[in-house]
Protein chains: 2
Amino acid sequence: MKAILVIADGMADRPVERLRWKTPLESAHKPSLDCIAKTGVCGIIDPIAPGIPPGSDTATLALLGYDAMKVYSGRGALEALGSGVKVSSGDVTFRCNFATVDKNMIVTDRRAGRIANEDASRLAESLQEVKLEKSLGADFLFKNTIQHRAVLNIHGRGLSTALSDSDPGDIGRKVLKIKPLEDSAEARLTAKIMNRLMDELHRVLQNDPVNKERAKCGLPQANMILCRGAGTVPKIKPISEKYAIRTACVAATPLVRGVCKTAGMDLIDVKGATGTPETDYVAKAKAVVQMLKRYELVLLHVKATDVASHDCNPKLKTEIIERVDGMLSYVLDKVDMNSTCLAMTADHTTSVVTGQHEGDPVPLAITGPYVRRDDVMEYGERTCAKGGLGRLRGIDVMPVLMGQLGKTKQFGA
Amino acid sequence: MKAILVIADGMADRPVERLRWKTPLESAHKPSLDCIAKTGVCGIIDPIAPGIPPGSDTATLALLGYDAMKVYSGRGALEALGSGVKVSSGDVTFRCNFATVDKNMIVTDRRAGRIANEDASRLAESLQEVKLEKSLGADFLFKNTIQHRAVLNIHGRGLSTALSDSDPGDIGRKVLKIKPLEDSAEARLTAKIMNRLMDELHRVLQNDPVNKERAKCGLPQANMILCRGAGTVPKIKPISEKYAIRTACVAATPLVRGVCKTAGMDLIDVKGATGTPETDYVAKAKAVVQMLKRYELVLLHVKATDVASHDCNPKLKTEIIERVDGMLSYVLDKVDMNSTCLAMTADHTTSVVTGQHEGDPVPLAITGPYVRRDDVMEYGERTCAKGGLGRLRGIDVMPVLMGQLGKTKQFGA
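Residues numbered from 1 in each chain as written. Chains lettered and ligands numbered in written order. Predicted model: local features only at pLDDT ≥ 70, side-chain atom pairs only at ≥ 80, totals over all residues. Heavy atoms only, no water.

Some remarks on the relation of the copies chain B and chain A
Superposing chain B onto chain A takes a rotation of 122 degrees plus a shift of 0.2 Å along the axis, which leaves an RMSD of 0.2 Å. Here the transformation between the copies is reduced to the relation of a three-fold axis. Residues of chain B ranked by C-alpha distance from the rotation axis are headed by Gly390(B), positioned 3.8 Å from it. (Least-squares fit on C-alpha atoms with pLDDT ≥ 70 in both.)

Here it is, written out as structure tokens:
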């Protein structure tokens, strides 16, 4: 028996007036999702806890069976890992933005005009030439991800994540000095390294040819790096070890890829998978079907549902759900469902009204040959709430799924 | 008000093709079980946690209101207690097998040809003559239970359960020396005691007349004792103290009797109760009715449902459920249900397909004069999931039942 865990990012929602008080899921034409509900056992999930809006990182950790409240240590390290940066235990990682500052280090644009990937890549290359003083005993890796976004990893001995941000959070405010948040030699050292590095990076950016070209075109200078969210990689036991299975992840979003890598999953690259509404849904589905030959558990993550939610676009969200349904139709067609369990869920609710992650539960349906099929006939937030699984936490999903595969260890005799 | 807690071992199941995708419970004719559901409030229970297959020991501990994850320390001590062996706090108890070894101590039969109870009893008597050196400061009690199964209890001061097994687990492998699993004087001492004792027991068994007779009949020699699962008794507060009630248990299985004894319950012996499908169901029901005059809480445990499950026999399991139903019919007839709460559940799911304990939840129905009766009309895994209790954990059942008796203490003012 094999398992597929499908996570549609932020797919769950609240009833919305523009959809006649239905949710996008309830409005969508989604025969495959409904088929999963019909042939499966359904329930609702609090990814973290009732009322608590999860991030995609904490929710995915939970859905993979980890206690996010205990093991989570910031987004930076996970995003860095997912972007291909080598992050070791003990490293300190920040999420960064290319930003524009004036002579007095006042932030005038937190995203340097949403700088294009190409410019950001060229600048990142220059930055990597910077050398830290040997006496600091550390080196760094800076990598841009999408547009103005980037990650910065500090590698060395005796570092600490107890650090404040340099990002003031708003325009019109001065770049902040990074301060130690605890009275330890480690925190003081790491703050010193970071402040030295920030000065150096600023100096290099000011004089970089890319910024000179940008000035000519009237584009904002990407002359500063803002850092926030110092973190490190969670120390967790790989899923493969916990359940003695091989695991793989089909996801485009760096953050989710990072979580999966932390959980010891193999990351599968899929051509055309972009993490946007225009992603190649069928290419992802094909990859899942292919990978299921080599792995016992394949995670399939789609980001597009969340994108439409953050844009407060219920129509687009409904359409994207229909595309997700098409993707699942391919999977259900090609996979032998007599020997496969498929769990369909979302990592969190994102409201098309607020454009924010919300703390409402998410629907879950698990289909497989031996599940206690219930009488839920449609996949949705309210229909699944009536299902045979009742209300569970995110952390319960993996044991329930692995229980169907006979992979959970008996406790007691 | 009084309470009866009925636990049918491994009664819960998954839908199975041979029963037209019903579970054995759903296939059985069970008017009494249905009556309990109809007149009661229903729900589903994760004995330990969602997806985790419980043992009967950990699940029964949980259903009696204990945090099994915290208090459980191996099956051995519980089984010994349930077999009538005196086990004190600080003792170390092993589960044992009579086994057959060759000259080189290679195991050739892990069960000594499933040695008959009578031979095992006579050998156990000889073994009890062995004396440990005084300097070791410990004594032991060895007792055979059923066929090749036995328990061994070491009593003394400064002992430790941090010990490896001597049972190699498979035939064709050499008997293992017991090793300390931690660097402590206690673990080293206990390992030393055990290894000396194992040598002595082997010596006595080799020369025992019972084995000479067995050799003549061509039966495998029961010439070695294999030990595994060093444990001790959980230190828990008796139910009687927690709720200021008198408690009794009607169960035949040593393991369950041991758990009940640990929880401070009086063990009731019932003639004809065997822990097999041929047990005297009505005799057990009569005992419960009788005991309810003297006790506020009586636990009624039936093992047969689990036996049929492990044999992967859905038809037999369905029939046994019907016998359990007959037993309950007697109880419902004879007990004044205007002043009695009856909770009906299983300790875990055992699949007739896999023959294993599984992590799926179990049904629960509680009938009594003041429960919030719901609209569940049949007792089953899927019907109870729609009940008014929702989804609870095993540890919640006892407080819920005691709440109906007015025995739970108010928290706060």
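Okay, back to it.
With respect to the nonpolar core
Counting residues in hydrophobic clusters, the biggest one holds 90 residues, and the most contacted among them are Leu64(B), Leu297(B) and Met344(B). When neighbours within four sequence positions are excluded, Met344(B) is seen to be in contact with Val6(B), Ala8(B), Met11(B), Leu33(B), Ile36(B), Leu328(B), Pro363(B), Leu364(B), Ala365(B) and Tyr379(B). Membership of the second largest hydrophobic core comes to 87 residues, among which are Leu64(A), Val288(A), Leu297(A) and Val298(A). (Core = buried A, V, L, I, M, F, W, Y, C linked by side-chain atoms within 4.5 Å. Buried < 20%, exposed > 50% of the residue type's maximum accessible area, 1.4 Å probe, protein only. Contact = heavy atoms within 4.5 Å.)

Topic: the side chain of Asn153(B)
Residue and element names in this part refer to chain B. Of note, Asn153 is situated in strand E6 (residues 149–156). Within polar-contact distance, the side chain of Asn153 engages the side chain of Asp91 at 2.8 Å. Within the structure, the side chain of Asn153 is placed 2.7 Å from the side chain of Thr93, a separation counted as a polar contact. Apart from residues no more than four positions distant in its own chain, Asn153 is found in contact with Val85, Lys86, Val87, Asp91, Val92, Thr93, Asp139, Phe140 and Leu141. (Helix = DSSP H or I, 4+ residues; strand = E, 2+ residues; numbered from the N terminus. Polar contact = N/O pair within 3.5 Å; in protein donor to acceptor, adjacent residues only side chain to side chain.)

Quick look at the interface of chain B and chain A
You'll often see interface size given as the accessible area lost when the parts meet. Taken together, the contact pairs 34 residues of chain B with 20 residues of chain A. Summed over both sides, the interface between chain B and chain A buries roughly 2100 Å², with carbon and sulfur atoms accounting for 54% of that surface. In this assembly, chain B and chain A are joined by two salt bridges. Two residues, Lys386(B) and Asp375(A), come together in a salt bridge whose shortest N-O distance is 2.4 Å. Counting across the interface, chain B meets chain A through 15 residue pairs in polar contact (both at pLDDT 80 or more). (Buried area = accessible area lost by both parts, 1.4 Å probe. Salt bridge = Lys/Arg side-chain N within 4 Å of Asp/Glu carboxyl O.)

Some remarks on the packing of aromatic side chains
Taken as a whole and judged by the stated rule, the model has four aromatic pairs over all chains. Consider the rings of Phe98(A) and Phe142(A), whose centres lie 5.6 Å apart with planes at 80 degrees: the pair is edge-to-face. In this pair, Phe98(A) is assigned in strand E3 (residues 92–101) and Phe142(A) in strand E5 (residues 138–144), connecting sequence segments 44 residues apart. Here Phe98(A) and Phe142(A) have matching classes, each one buried. Seen from their ring centres, Tyr370(A) and Trp21(B) are 6.1 Å apart, and the 45 degrees between their planes marks the pair as tilted. Note that Tyr370(A) is positioned in the loop between strand E14 (362–367) and helix H14 (381–384) and Trp21(B) in the loop between strand E1 (2–8) and helix H1 (24–27), a pairing that runs across two chains. (Phe/Tyr/Trp six-rings, centres within 6.5 Å; stacked < 30°, edge-to-face > 60°.)

A few points about the pattern of salt bridges
Counting across every chain of the model gives 46 salt bridges over all chains. For Lys303(A), the salt bridge goes to Asp9(A), with nearest N and O atoms at 3.8 Å. Taken together, the positions of Lys303(A) in the loop between strand E10 (297–302) and helix H12 (304–310) and Asp9(A) in the loop between strand E1 (2–8) and helix H1 (24–27) put the pair 294 residues apart, joining distant regions of the chain. In this structure Asp9(A) comes out as buried when scored by relative accessible area, which is 0%. Of the charged contacts, one joins Lys70(B) and Asp67(B) as a salt bridge, the two residues approaching to 3.9 Å between their closest N and O atoms. Taking relative accessible area as the criterion, Lys70(B) reaches 69% and is therefore assigned exposed.

A look at the environment of Ile193(A)
Residues and elements named next belong to chain A. Mapped onto the elements of the fold, Ile193 is located in helix H7 (residues 185–206). A relative accessible area of 0% places Ile193 in the buried class. Once the C-alpha coordinates of Ile193 and His357 are considered, the two residues, 164 residues apart in sequence, prove to be 34 Å apart. Every residue in contact with Ile193, bar those within four places of it in the chain, is listed here: Leu132, Leu136, Ala138, Ile154 and Leu159.

Some remarks on the confidence of the model for chain A
Within chain A, residue pLDDT values average 96, and 100% of them lie at 70 or more. Scored as a complex, the prediction yields pTM 0.91 and ipTM 0.90. (pLDDT = per-residue confidence, 0-100.)

Concerning the environment of Asp396(A)
Within the secondary structure, Asp396(A) is located in helix H15 (residues 394–404). Between the alpha carbons of Asp396(A) and Ile45(A) there is a distance of 8.8 Å; along the sequence they are 351 residues apart. Setting aside anything within four residues of it in sequence, one finds Asp396(A) in contact with Pro50(B) and Arg393(B).

Here we look at empty space enclosed by the protein
Residue and element names in this part refer to chain B. Evaluated as defined, the whole model comprises one cavity of 30 Å³ or more. Computed from the structure, the largest cavity encloses a volume of approximately 50 Å³. Glu79, Arg95, Cys96, Asn97, Arg149, Ala150 and Arg228 together form the lining of the largest cavity. Within the residue set of the lining of the largest cavity, elements represented by two or more residues are strand E3 (92–101) and E6. Tallying contributions element by element places E3 first for the lining of the largest cavity, with three residues. (1 Å grid on protein atoms, 1.4 Å probe; cavity = no way out; pocket = protein on both sides within 12 Å on 5 of 7 lines; lining within 4 Å. Points joined across faces, edges and corners; volume = space filled by probe spheres on them.)

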